[in-house]
Amino acid sequence: MTNSAHDPDLDPLIRPTTRAKGIAINRREQRIIHAEKWGRIRLGIISICLFFVIYVCFAMGTWPEQRPQIVVNIPPNDESLPGPMVPPGFLVWSPECQMPSLEPLAADVMKLFNKEKYEECSNVKPLTRISRKRTTDTAYLVLDEKRRDSFYYKGNKNNKLDCCYQEIIRSGTDKKADEKFNLSRCIDFDKTIELPPKIEFLLVRCKSGGKATYTNTHAIVRDRPEIRETLDQYESESEKRPLSVLMLSIDSISRLNLIRAMPMTAQHVYDTGWFELQGYNKIDDNTFPNLMAILVGYNSSLAYNDCQPTVPGKLESCPFIWKNFRDAGYVTAYGEDEADISTFNYHKTGFVVPPTDFYLRPYMLAAEKNLHVKHKHSLTLCLGYKHSADHVYDYALDFATTYKDDPSFGLFWTNTFSHNDISDPSSMDAKVKSYLVELETRGILNNSMVVFFSDHGLRFGPVRHLVTGWLEERLPFIFIWLPEWFKEDHPEIVQALKINRNRLTNPYDLHMTLKHILELSDRTTKLPPATSCESCQSLFQEMPWNRSCKSSAITEHWCTCSPYKTNDKNDDVVKRGVKFVIDLMNSDLNEYTNGSYRLCAELKLKKISYARKAEYQHAHSPYDVYMFVFEASPSGGIFEATVKYTIKSKAFELTGSVSRLNMYASQSNCIKKDNLKKFCYCLKPSKGG
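Structural notes, computed from the coordinates.

Parameters and conventions
Residues numbered from 1 in each chain as written. Predicted model: local features only at pLDDT ≥ 70, side-chain atom pairs only at ≥ 80, totals over all residues. Heavy atoms only, no water. Helix = DSSP H or I, 4+ residues; strand = E, 2+ residues; numbered from the N terminus. Contact = heavy atoms within 4.5 Å. Areas by Shrake-Rupley, 256 points an atom, 1.4 Å probe, with all protein chains shown as cover. Pairing = 2+ DSSP bridges. Buried < 20%, exposed > 50% of the residue type's maximum accessible area, 1.4 Å probe, protein only. Axes fitted to C-alpha atoms, helices over the stretch in contact; angles between N-to-C directions. Parallel < 35°, antiparallel > 145°, perpendicular 65-115°, else oblique. Nonpolar A, V, L, I, M, F, W, Y, C, P; charged D, E, K, R; others polar. Patch = residues over 30% accessible without salt bridge, like charges linked within 9 Å, V, L, I, M, F, W, Y side chains within 5 Å. Salt bridge = Lys/Arg side-chain N within 4 Å of Asp/Glu carboxyl O. Lys, Arg positive; Asp, Glu negative; His and termini not counted. Charge placed at Lys NZ, Arg CZ, Asp CG, Glu CD. Phe/Tyr/Trp six-rings, centres within 6.5 Å; stacked < 30°, edge-to-face > 60°. Lys NZ or Arg CZ within 6 Å of the ring centre and 35° of its normal.

**Looking at the overall build of the protein chain**
1) Next: When helices and strands are tallied, the protein chain shows 17 helices and 28 strands.
2) Next: Of all intrachain contacts in the protein chain linking residues separated by at least 6 positions in sequence, the fraction that spans at least 24 positions is 73%.
3) Next: Here the protein chain displays about 32300 Å² of accessible surface, and carbon together with sulfur accounts for 52% of that area.

**Overview of the pairing of strand 1 (residues 90-94)**
1) Next: As paired strands, strand 1 and strand 2 (residues 97-100) are joined by four bridges and run antiparallel to one another. Each residue of the ladder has a partner; that of Val92, found in strand 2, is Met99.
2) Next: Counted between consecutive antiparallel strands, the loop separating strand 1 from strand 2 contains two residues.

**Here's the deal with helix 6 (residues 287-295)**
The α-helix advances 3.6 residues per turn, and as a result positions three or four apart in sequence lie on the same side.
1) Next: The element helix 6 is largely enclosed, with a buried count of nine among its nine residues.
2) Next: Among all positions of helix 6, only Thr287, Phe288, Pro289, Asn290, Leu291, Met292, Ala293, Ile294 and Leu295 are buried.
3) Next: Two residues or fewer past helix 6, Gly297 is found with a positive phi of approximately 85 degrees.

**Considerations on the packing of helix 10 (residues 388-402) against helix 11 (residues 429-441)**
1) Next: Where helix 10 contacts helix 11, the two axes come as close as 11 Å, and the packing angle between them is 5 degrees. Classed by the angle they form, the pair helix 10 and helix 11 counts as roughly parallel. Touching Asp390, Tyr393, Asp394 and Leu397 of helix 10 are Lys431, Tyr435, Glu438 and Leu439, all from helix 11.
2) Next: Counted by class, the contact of helix 10 with helix 11 contains four nonpolar, no polar and four charged residues.

**Looking at the sheet that holds strand 25 (residues 623-633)**
1) Next: Spatially, the five strands line up as an open sheet ordered 21-24-25-26-27, and their pairing is antiparallel. Sheet topology places strand 21 (564-567) and strand 27 (651-660) at the edges, where each strand pairs with a single neighbour. Direction aside, the axes of adjacent strands within the sheet are offset by 30 degrees on average.
2) Next: With seven bridges connecting them, strand 26 (residues 638-646) and strand 27 associate as antiparallel partners. Bridging from a neighbouring strand, Glu640 pairs with Ser659 of strand 27.
3) Next: Across the sheet, helix 12 (residues 467-474) is in contact with strand 21, strand 24 (604-614), strand 25, strand 26 and strand 27; its angle to strand 26 comes to roughly 80 degrees.
4) Next: Its contacts with the sheet place helix 16 (residues 572-591) against strand 21, strand 24, strand 25, strand 26 and strand 27, and it is angled at close to 65 degrees to strand 27.

**Describing unusual backbone geometry**
1) Next: For the bond running from Ser633 to Pro634, omega is 10 degrees, close enough to zero to count as cis.
2) Next: The residue Pro634 is located in the loop between strand 25 and strand 26 in this model.
3) Next: Although it is not a glycine, His377 adopts a positive phi angle of roughly 50 degrees.
4) Next: Of note in the backbone geometry, Ser378 takes a positive phi value of approximately 70 degrees without being a glycine.

**Side note on a positive patch on the surface**
1) Next: Among the surface-exposed residues, Lys175, Lys176, Lys180, Lys369 and Lys672 lie close enough to one another that they form a single positively charged patch.
2) Next: Structurally, Lys369 can be placed in helix 9 (residues 361-370).

**So, the side chain of Arg464**
1) Next: Mapped onto the fold, Arg464 is located in the loop between strand 19 (448-453) and helix 12.
2) Next: With a relative accessible area of 1%, Arg464 lands in the buried category.
3) Next: Apart from the residues lying within four places of it in its own chain, the contact partners of Arg464 are Leu458, Arg459, Gly469, Trp470, Glu473, Arg474, Glu640 and Leu661.

**Points about the sheet that holds strand 19**
1) Next: Strand order in the open sheet made by the seven strands is 12-20-19-11-18-13-14, with mixed pairing throughout. Because the sheet does not close on itself, it has two edges, and the strands there are strand 12 (275-276) and strand 14 (358-359).
2) Next: Sheet analysis places strand 11 (residues 244-250) next to strand 19, joined by six bridges and oriented parallel. Paired with Val245 across the two strands is Met449, which belongs to strand 19.
3) Next: Each of strand 11, strand 18 (408-414), strand 19 and strand 20 (478-481) touches helix 15 (residues 507-520); the most contacted strand, strand 11, lies at about 160 degrees to it.

**Structural notes on the packing of aromatic side chains**
1) Next: What the rule picks out here adds up to 39 aromatic pairs.
2) Next: Between Trp470 and Tyr564, the aromatic rings sit 5.7 Å apart at their centres with planes inclined by 70 degrees, giving edge-to-face as the arrangement. Of this pair, Trp470 sits in helix 12 while Tyr564 sits in strand 21, and the two are 94 residues apart along the sequence.
3) Next: Given a relative accessible area of 9%, Trp470 falls into the buried group.
4) Next: Taken together, Phe288, Tyr304, Phe320, Trp322, Tyr334, Phe344, Phe351 and Tyr359 form an aromatic cluster joined through their ring pairs.
5) Next: Arg224 extends its terminal NZ or CZ atom over the ring of Phe358, reaching a point 4.2 Å from the ring centre.
6) Next: Taking NZ or CZ as reference, Lys348 lies 4.7 Å from the ring centre of Phe288, over its face.

**Things to note about the pattern of salt bridges**
1) Next: Enumeration over the complete set of coordinates arrives at 41 salt bridges.
2) Next: For the salt bridge of Lys157 with Asp149, the shortest nitrogen-to-oxygen distance reads 3.4 Å.
3) Next: Residue Lys157 is classed as exposed on the basis of its relative accessible area of 56%.
4) Next: Here Lys644 makes a salt bridge to Glu556, at a shortest N to O gap of 3.5 Å. Highlighted residues: Lys644 in strand 26 and Glu556 in the loop between helix 15 and strand 21, separated in sequence by 88 residues.
5) Next: The exposure class of Lys644 is buried, given its relative accessible area of 19%.

Now the structure itself:
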């Protein structure tokens, strides 16, 4: 028994003096011991539960404030290269261009980013596949007997499985030429059937018990006789094998978001000898003008005025670079996913005649209409049994493999896993890396320059309101692969690409690089400079160290070479500058009417969010450059504009175009002019202005 006088844990109000008191003490001790015992048990149970909760949270990636561990080892700059070194904290540095290098995992961006898991589009593997014999260009449609059981109606084998295939044929004319397709009669098959030599796109259907149980599409690149004849003719006349070109693009991914969202892909290109251009600056707002700069050498105004993409047949008259490649004896191809928003069809008429030898669009139209679709962020993530992007990449691999030993030019573009959200690309990281690995496995890298690139970073949404987002939108990623034999033959090109890693470059330079490749093939004469940037040059040549945005046809609005400092948004110059921009926007909207009916509401300033002023090295510049972000009513549109303010005349000039930082969705459905849709808030028809 414990002596209460020496036991501080006993209740001091219990003061035993008799045997009864001793019994009370004993019971008290028992209660304390019992309580301590169950206290230890409860603490153990709580500890186990807490450990289990922590384990589950980490395993599922839901731990509060947990951030993905992303580490990409970017090779350092080569200090042996001639010319001044770029100081830490910059991608490009010269008196004319000081392009900052930001942290991909900056805290403000990471609050908006979540690493996503890859998801299969179907729990069941497809019933059919294509088998090839490339030596004879024979293709078979194969029905996998092991998977047949999965496609009987209600799993009942007594229901016969009947399958047939139809050819997908481009069939539209005039303004609908790029929108229509036909299906041939359905050819029955069982197990394996050899496909006719001319069939390239097909739709497979199976029924069981009178119910449709399987639908799929397949695309095949066939070695057409007329193309083979041209290739053989040029081969007999040439002394050397020209370099092929394969261009693989992912829409709306900045260099920083490639590192952030697709670290495995980024690390692969860094580790395997691809050349990076860290100072690659876009030249305009969205895909169309940036891609036209690459393919034609035109800026946005010239592309719309000369190529007139809304007029059927006018795009064909435009001098696309793939025409130059075809004229030089190359086989050509172009493929893109998400048919509704594809580059040459979104508020445009597309091509009346297929622009390249192999053109994926009819297949994508048929697939999007007939296959099961799973959307994510309003885009077609899954198309049947695989991701929408896989249809494009698989076609690209098939094309590059079929013509691995021949000169080829292919452009393949994907939108569906990257266009609308900063986190979406993370789910496709391993998949995209696997395609790049497959290029090497198939030997495609042995004879091809591969350009892996984007057009711009994310253009709208919460990230775009950050300083990091402003820079990311303007700096897409670009990596270039060159075969070993080509690098050995042209050490000066290797040197130039290493130097150009930290020089200001742009899409016009990529256009000139494609022309440079044609000139190196000895199959064409010297080609003219880019029409909209005559001073722009091939990336295979060293860029001037002191190159400026002005000398490379990049307007101030898109230029990342000038640092900005915060300016008082209540400054009189700022207020007048914002009014100037809104007046221009309204003027453009007023010109777009339906007869006498005004279609879009007049925009009015709701608030100025912030203003910045460019810091120039030139003390005697005749003008200042301001960048504004403001909100307009009644649309709630948030806009960003950059203006020149001439100090002497106190006049404003808009540079580039006005950016919209939030989505406009259906607000502008009443108009079709794509450069005005971001401004328009549709009215019900009303007379007058």
